[in-house]
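Here is how the chains run, residue by residue.
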Amino acid sequence: MNSKQISPQTFFLVILSAIIISLALLQRLLPISGFNADPAYFTVDGEPILANVDGYYYLHAAKEIMNGTYDTVETHRAIPDTISRSSLPPLLSLVLAKISAVTGYSLNEAGVILPAILSLFLAIPVFLLGYRWGGSITALSAVIFTLFSSLYVTRTNYAFLDTDCLNSFFAWMAVVFALQFSICKSGQKYLFFIAALLNTALYLWWWDQSLAPPLILGLAPLFLAVLFYYRPSKNERCFATPITLLFICIFFFFGGWEIVAKVFHTTISLLSYVTDTRDNSYPRMSEWISEQQRIELGKFAQGIFYYKFLLIPACAGTLLLLWRQRLRLIVCTPVCFVGMLALLFASRFTIFAVPAAALSLGYFFSETVTWVSRHVPQKIYTKMTCALLALLTIFIGWQEFGRTDNAWTFFPSQAVRGMKRLQVITEPNAVIWSWWDQGHPLIYWAERDTINDGMVHSAARTYSNVLPLTMENDREAANFINFYVVRGLQGIETFAQSAAQLGLQGQQTMLRILRTGSEQWKKLYPQLSSETKEKWQALLFPQQKRPVYLFNDIRQQKTLPLFYWVATWDPQKSQGEKILPLYTFPFSKKAAENFMVGKLPSQESFHVDPQTLTLTSNAILEEGFPLYKVTMTTQEASSQQGPLAGYPGIVSPKFTPYSKKTHLIYTDSGRYDVNINIPMQMLYLLDDKLTKTLIYRLFWRKNAYDSLYFKPVELKEPYYQIWKVTSDMAPENLPKPAAEEKSVQ
């Protein structure tokens, strides 16, 4: 009995495919070495910490699934509002819960490794399309360029838990099924049609945060295949027409019009979110959220190919594909179009362009090898092809293997420990006020309610989030926090409408009242009726029934310039107030000891002259400049020096080209202050405007707050702080009722 033998070339290609997949997985697992080398930074209580923020949303949902507490109403992340969600839990969370239940691994352990494994599935559609268009060389080289793309690796690395690890896979599998449907001449085409529908259903379940993108990316290729290629025979029409009509009837019977309307509304909302085409009432989030900013062509090419020059052969490969396969490329246009949106609107879409660019480059590589084969013997060509593919794997993969910054986390373990401490030192019904970056981790680690996170961070909510963090008046900040926790965005809108009816500006009036305090504010507006005063008093000063805490950490200090820009947003000018860039310098213990005997910290990276308050720095400055103020903080107190007589008022520091920070929130001139914090061993160079903000004063200065409204609970600088917020309406700040006189018997 004869059996077919596998050719050496086929055997080598199989082995090479296995090596490519293995190296791609190993590449994504490289951060494990960093985690193991510094467990005190990357783990907390033996649990690994995620590298991103959004992953904690899926970990929390997985925890709810395992605890049986998952519900269609989300009450933890947008206090005082509730968020509705699908009765079907996110597929990623469900997978995490099942893996944890079956294997015994914790959710964190499953969460850090799962994206690295799932991201390899993208090799399947890339290989199938590459093989269809250009054979095994195109297929394998395209897989290499895809899996080793630095941009794709970054978004699917160890501990980077998000739906991105399969978002591109489902989109390109939709292209595969649509292409097979258009090519197949037999009745099997309907199997590919059904497969495309099932793929879309899974895609919708996987990308749970949005309805329009997975629906469009899943069905658009199939729609184009039907439109341009589907030419059924008479018998097929007799079979397909009634089936299609039946499905249409069922679809609309079960609320199809509502689904269509929802998809349309979601699509418009998505385009508005991505392009930020709306009014200027609040800051445009696309201006400061990195993944919503367009990516430059050079960075686009470098992120996909690692080397920018490879964009040229990739473009040549695209032209060759359009020339030879143009009729079959129609089904690719939706996902390619979405990928190109990265150059126009939002870099987040680049992951969809990676396979397209890799296939183009792989096709060019294949055509080049084929051209060479015409001039060399077959045996040499075979060996040369295998050698080139092996070298390509080593060359492209080595670029990422050579990186030393693979291990990274958004929040170090010290900050996470602070979040976990909230479980112990705060009440179960407590609300935690912090920046939206901290939202998802706080819900997961602290198991407490928050007011904003990466899922609900609308422009209005985010503006309200940062407003009290940048206030100079502690009473105003505490009263606003209490008002928002009870009334929310609806309360702000209600007051704005009421004030407008009286000819008053809503926000300015509201903040003035909150700053003045409960009951006392009524003297400011004698023209108001008693009814209006009582209505506003009840609206703006609700009883503080739930305890509220402020979580303040070092990451928020570094984001403070952005907070200030958002909080000072002027709708008329469509911009916030620009400030000088912020810089931090750690200094040694010896420098701190020198300060204790009367010397300011001085070392190679920076120097502060105690007589002239002039800052010089070889690290960031071309020449020194006078400081407005110098604040020195010891373990006991903070002292301030400056401004000196003769201070020029406004300075324009000359930063070195490598250290100069350019962003829409920064200006080139202003007044710089320095905070030298001895316990933290850190020098903080910042705009004088920021020194008056709430979270700066709480974090960097001693006793620079009103203890009536902010009470320290746990201070672990430079990592985190926990403060209790007590407004005018907090039980401890309300007037105590007079004691009843006891009658003398």
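Residues numbered from 1 in each chain as written. Predicted model: local features only at pLDDT ≥ 70, side-chain atom pairs only at ≥ 80, totals over all residues. Heavy atoms only, no water.

Participant: Teacher, can you tell me more about the pairing of strand β18 (residues 720-725) here?
Facilitator: Two faces, one strand: in a regular strand the side chains alternate between the faces of the sheet. The element β18 is extensively covered by neighbouring structure, given that 5 of its 6 residues are classed as buried. As paired elements, strand β7 (residues 548-553) and β18 share 6 bridges and run antiparallel to each other. Bridge pairing in β18 places Y549 opposite K724. Bridge analysis of strand β17 (residues 710-716) against β18 gives 6 bridges, and the strand direction is antiparallel. What sits directly across from P712, in β18, is W723. (Buried < 20%, exposed > 50% of the residue type's maximum accessible area, 1.4 Å probe, protein only. Helix = DSSP H or I, 4+ residues; strand = E, 2+ residues; numbered from the N terminus. Pairing = 2+ DSSP bridges.)

Participant: I'm lost on the sheet that holds β17 in this one. Help?
Facilitator: Across a sheet, strands are paired by hydrogen bonds formed along the backbone, either parallel or antiparallel in direction. Taken in spatial order, the 5 strands of this open sheet run β6-β5-β7-β18-β17, and their pairing is mixed. The open sheet has two edge strands with one neighbour each: β6 (449-450) and β17. On the sheet, helix α19 (residues 413-425) packs against β5 (431-433), β7, β17 and β18 and is oriented at approximately 30 degrees with respect to β18. (Contact = heavy atoms within 4.5 Å. Axes fitted to C-alpha atoms, helices over the stretch in contact; angles between N-to-C directions.)

Participant: Sorry, what's going on with the packing of aromatic side chains here?
Facilitator: Working definition: an aromatic ring pair is given by the centre-to-centre distance plus the angle between the planes. Taken as a whole, this structure holds 37 aromatic pairs when the rule is applied. Ring centres of F181 and Y230 lie 5.5 Å apart, and the angle between their planes is 35 degrees; on these two criteria the pair is classed as tilted. Pair noted here: F181 is in helix α9 (residues 164-183) and Y230 is in the loop between α11 (212-229) and α12 (234-253), with a separation of 49 residues, a long-range link. Given a relative accessible area of 3%, F181 falls into the buried group. An aromatic cluster of at least three residues, connected via ring pairs, comprises F121, F169, F170, Y203, W206, W207 and F352. The aromatic ring of F410 is capped on one face by R555, whose charged end is 3.5 Å from the ring centroid. (Phe/Tyr/Trp six-rings, centres within 6.5 Å; stacked < 30°, edge-to-face > 60°. Lys NZ or Arg CZ within 6 Å of the ring centre and 35° of its normal.)

Participant: I keep staring at the pattern of salt bridges and nothing clicks. Help me out?
Facilitator: Pairs can form between side chains of opposite charge once their charged atoms are near each other. For the coordinates displayed, the defined rule picks out 23 salt bridges. Among the salt bridges present, the one from R475 reaches D728, with a minimum N-O distance of 3.3 Å. Placement of R475 in helix α22 (residues 474-501) and of D728 in the segment after β18 is noted, with a sequence separation of 253 residues between them. We note a salt bridge from E577 to K689, for which the minimum N-O separation is 2.9 Å. Here the residue E577 occupies a position in the loop between α26 (560-567) and β8 (583-586), and K689 occupies one in the loop between β16 (682-687) and α28 (694-700), the gap between them amounting to 112 residues. (Salt bridge = Lys/Arg side-chain N within 4 Å of Asp/Glu carboxyl O.)

Participant: What should I look at first to understand the sheet that holds strand β14 (residues 638-641) in this one?
Facilitator: In spatial order, the strands read β8-β16-β15-β13-β14; together these 5 strands make up an open sheet with mixed pairing. Every interior strand has two partners, whereas the edge strands, β8 and β14, have only one. The average angle at which neighbouring strand axes cross in this sheet is 15 degrees, direction not considered. Here 4 bridges tie strand β13 (residues 629-633) to β14, and the two strands are oriented antiparallel to one another. Within β14, the position partnered with M632 by the bridge is S639.

Participant: Honestly, the packing of helix α7 (residues 123-147) against α9 in this entry has me stumped. Any pointers?
Facilitator: Each pair of packed helices can be described by the angle between their axes along with the distance between the axes. Across the interface, α7 lies against α9 with an axial gap of 8 Å and an inter-helix angle of 35 degrees. When the axes of α7 and α9 are compared, the crossing they make is left-handed. Side by side, α7 and α9 meet where I124, P125, L128, L129, R132 and W133 of the first sit next to F169, W172, M173, V175, V176, L179, Q180 and I183 of the second. (Left-handed = near helix turned anticlockwise from the far one by under 90°.)

Participant: Sorry if this is basic, but what is going on with α26 here?
Facilitator: An α-helical turn contains 3.6 residues, so a residue and the one three or four places further along point in the same direction. Of all 8 residues that make up α26, 8 are buried, and the element is covered over most of its length. On its buried face, α26 sits against α21 (459-466), α25 (554-558) and α28.

Participant: Looking at this structure, I do not really get the nonpolar core. What am I missing?
Facilitator: Side chains of a nonpolar character, in soluble globular proteins, are inclined to be buried together. In this structure, L96, W172 and F352 are the most contacted members of the largest nonpolar core, which totals 111 residues. The dominant element in this core, judged by the number of residues it contributes, is α9, at 13 residues. Those residues in contact with L96, other than ones at most four positions away along the chain, are Y58, L59, A62, L107, A110, G111, L114 and L161. Membership of the second largest hydrophobic core comes to 63 residues, among which are Y484, L511, W569 and F699. (Core = buried A, V, L, I, M, F, W, Y, C linked by side-chain atoms within 4.5 Å.)

Participant: I keep staring at the pairing of β16 and nothing clicks. Help me out?
Facilitator: Among the 6 residues of β16, 6 are classified as buried, and the element is accordingly described as predominantly covered. Where β8 meets β16, 4 bridges bridge the pair, whose relative direction is antiparallel. Paired with T584 across the bridge in β16 is Y684. Where strand β15 (residues 672-677) meets β16, 6 bridges bridge the pair, whose relative direction is antiparallel. Each residue of the ladder has a partner; that of I676, found in β16, is L683. Hairpin connection from β15 to β16: 4 residues lie between these consecutive antiparallel strands, with Q681 at a positive phi of about 55 degrees.

Participant: I'm lost on unusual backbone geometry in this one. Help?
Facilitator: A negative phi angle is the norm for most residues apart from glycine, just as the trans form is the norm for most peptide bonds. Following I79, the chain continues into P80 via a peptide bond in cis, with omega recorded as 5 degrees. Assignment of secondary structure puts P80 in the loop between β3 (73-74) and β4 (83-84). With phi around 55 degrees, E447 is a residue other than glycine that occupies positive phi space. Under the relative-accessibility criterion, E447 is labelled partly exposed at 42%. The phi dihedral of E519 falls on the positive side, at around 65 degrees, and the residue is not glycine.

Participant: When you look at the confidence of the model for the protein chain in this model, what are you seeing that I'm missing?
Facilitator: Any segment with low pLDDT has predicted coordinates that should not be analysed in fine detail. Taken over all residues, the pLDDT of the protein chain has a mean of 85, while the share at 70 or more is 85%. Per-element confidence in the protein chain ranges from a low mean pLDDT of 54 for strand β9 (residues 602-603) to a high of 98 for β5. (pLDDT = per-residue confidence, 0-100.)

Participant: Just checking my understanding: could you explain the state of the cysteines for this structure?
Facilitator: What we call a disulfide is simply a covalent bond connecting the sulfur atoms of a pair of cysteines. Applying the stated criterion across every chain, the model contains 0 disulfides. For C336, which is in no disulfide, the shortest distance to another cysteine sulfur is to C332 and amounts to 5.5 Å. (Disulfide = S-S within 2.5 Å.)

Participant: Please clarify how the environment of P125 should be interpreted in this entry.
Facilitator: Here P125 shows up in helix α7. Between the C-alpha atom of P125 and that of F177, which follows or precedes it by 52 residues, the distance is 9.4 Å. In contact with P125, other than residues within four places in its own chain, are F169, W172, M173 and V176.

Participant: Would you mind going over helix α5 (residues 91-103) with me for this structure?
Facilitator: Across its 13 residues, α5 extends 18 Å between first and last C-alpha, which sits within 8% of the 18 Å expected from 1.5 Å per residue. Among the residues of α5, those classed as buried are L91, L92, S93, L96, A97 and S100. Contact partners of the buried residues in α5: α4 (55-67), α6 (107-118) and α10 (189-206). (Expected span 1.5 Å × (residues − 1).)

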